[in-house]
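# Topology and contacts: notes
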Amino acid sequence: MLHTLDVKGGVCPYRTVKTKKKRKDLAIGDQLKVIFDYPLTAEEIPRWAEKAGHKVIEVKKTGDAEWEILLEKAVA
């Protein structure tokens, strides 16, 4: 199942904290699309996700100041 989390406009570490909290609501194999507008988040969230054992499927820039990360929950 695909879930979406929009964290545009948040300040550090809001985006990563909200992503970690949302992950708890997902089942193993579920995907989470995180939408954000802060460039460093494109590094912070994937680094956390990989360290936590989750799969980073894609990181892409979708606009002048907007990005998306697609993650898959791989561990409980």
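Cut-offs and rules
- Residues numbered from 1 in each chain as written.
- Predicted model: local features only at pLDDT ≥ 70, side-chain atom pairs only at ≥ 80, totals over all residues.
- Heavy atoms only, no water.
- Pairing = 2+ DSSP bridges.
- Helix = DSSP H or I, 4+ residues; strand = E, 2+ residues; numbered from the N terminus.
- Right-handed = clockwise from strand over helix to strand, strands pointing away.

## What to know about the pairing of strand β3 (residues 55–63)
Residues in a regular strand project their side chains so that they alternate between the two faces of the sheet. Bridge count for β3 against strand β4 (residues 66–72) is seven bridges, and the pairing is antiparallel. From the neighbouring strand, G63 faces β4, where its bridge partner is E66. The antiparallel hairpin formed by β3 and β4 contains two residues in its connecting segment.

## Remarks on the pairing of strand β2 (residues 31–36)
Here five bridges tie strand β1 (residues 2–6) to β2, and the two strands are oriented parallel to one another. Paired with L5 across the two strands is V34, which belongs to β2. In terms of handedness, the path from β1 via helix α1 (residues 14–23) over to β2 forms a crossover that is right-handed. Direction of pairing for β2 relative to β4: antiparallel, over a ladder of six bridges.

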